[in-house]
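In case you want the letters, here they are:
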Amino acid sequence: MENNISRNKQNEKIMFSIYDALMSAKNKDAFDVEQTMTSLFDVASFDDVPYFSKFVVIKALKNITDIIKEFQAHMPKWDFDRLNLVEQAILIMSYSSNKYTDEIEKPIAISNAILLAKKYLDKDDYKFVNAILDNVL
């Protein structure tokens, strides 16, 4: 049975899943996507995590190197790895949801990212998120 939660809540949990993966990689710890998402979605099993959320996270993690290269190509004066991990997670989530699904068009991906940036980043960081996504997507 699929957990019925709003797409905005799913985006938040997708972002947290990607953040956890980035943090694990930074700390050279093992990362278990199924365990992480089951916990974040507060469900009994990975099968109960909404399909869209699983798809976006798994695609993001499988393609993370290429995604980061794509962002880096559009950020000549910035180093993607030096961005806040939450900011990285938001950008990677937005890229993955736009590029690997047919459901999320560019304006929606950017809007979702801005909502998360305004909630979890410093006051004006959403402007950078908006600008870089506008160039990359």
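Residues numbered from 1 in each chain as written. Predicted model: local features only at pLDDT ≥ 70, side-chain atom pairs only at ≥ 80, totals over all residues. Heavy atoms only, no water.

(A) Expanded view of the pattern of salt bridges. All chains considered together, the criterion is met by five salt bridges. For Glu12, the salt bridge goes to Lys119, with nearest N and O atoms at 3.3 Å. In this pair, Glu12 sits in helix H1 (residues 7-26) while Lys119 sits in helix H6 (residues 106-120), placing the two residues 107 residues apart along the sequence. For Glu12, a relative accessible area of 10% corresponds to the buried category. As a salt-bridge pair, Asp124 and Lys127 come within 3.8 Å of each other at their nearest N and O atoms. Three or more residues joined by partner-sharing salt bridges are found here, namely Lys9, Glu12 and Lys119. (Salt bridge = Lys/Arg side-chain N within 4 Å of Asp/Glu carboxyl O. Helix = DSSP H or I, 4+ residues; strand = E, 2+ residues; numbered from the N terminus. Buried < 20%, exposed > 50% of the residue type's maximum accessible area, 1.4 Å probe, protein only.)

(B) Empty space enclosed by the protein, seen in detail. In total, this model carries one cavity of 30 Å³ or more according to the counting rule given. Estimates place the volume of the largest cavity at around 40 Å³. Looking at the largest cavity, the residues that line it are Asn11, Phe52, Met93, Ser94, Ser97, Ile104, Ala109 and Asn112. For the lining of the largest cavity, the elements supplying multiple residues, two or more each, are helix H5 (85-99) and H6. A total of three residues in the lining of the largest cavity trace back to one element, the largest contributor, which is H5. Of the residues belonging to the lining of the largest cavity, the class tally is four nonpolar, four polar and no charged. (1 Å grid on protein atoms, 1.4 Å probe; cavity = no way out; pocket = protein on both sides within 12 Å on 5 of 7 lines; lining within 4 Å. Points joined across faces, edges and corners; volume = space filled by probe spheres on them. Nonpolar A, V, L, I, M, F, W, Y, C, P; charged D, E, K, R; others polar.)

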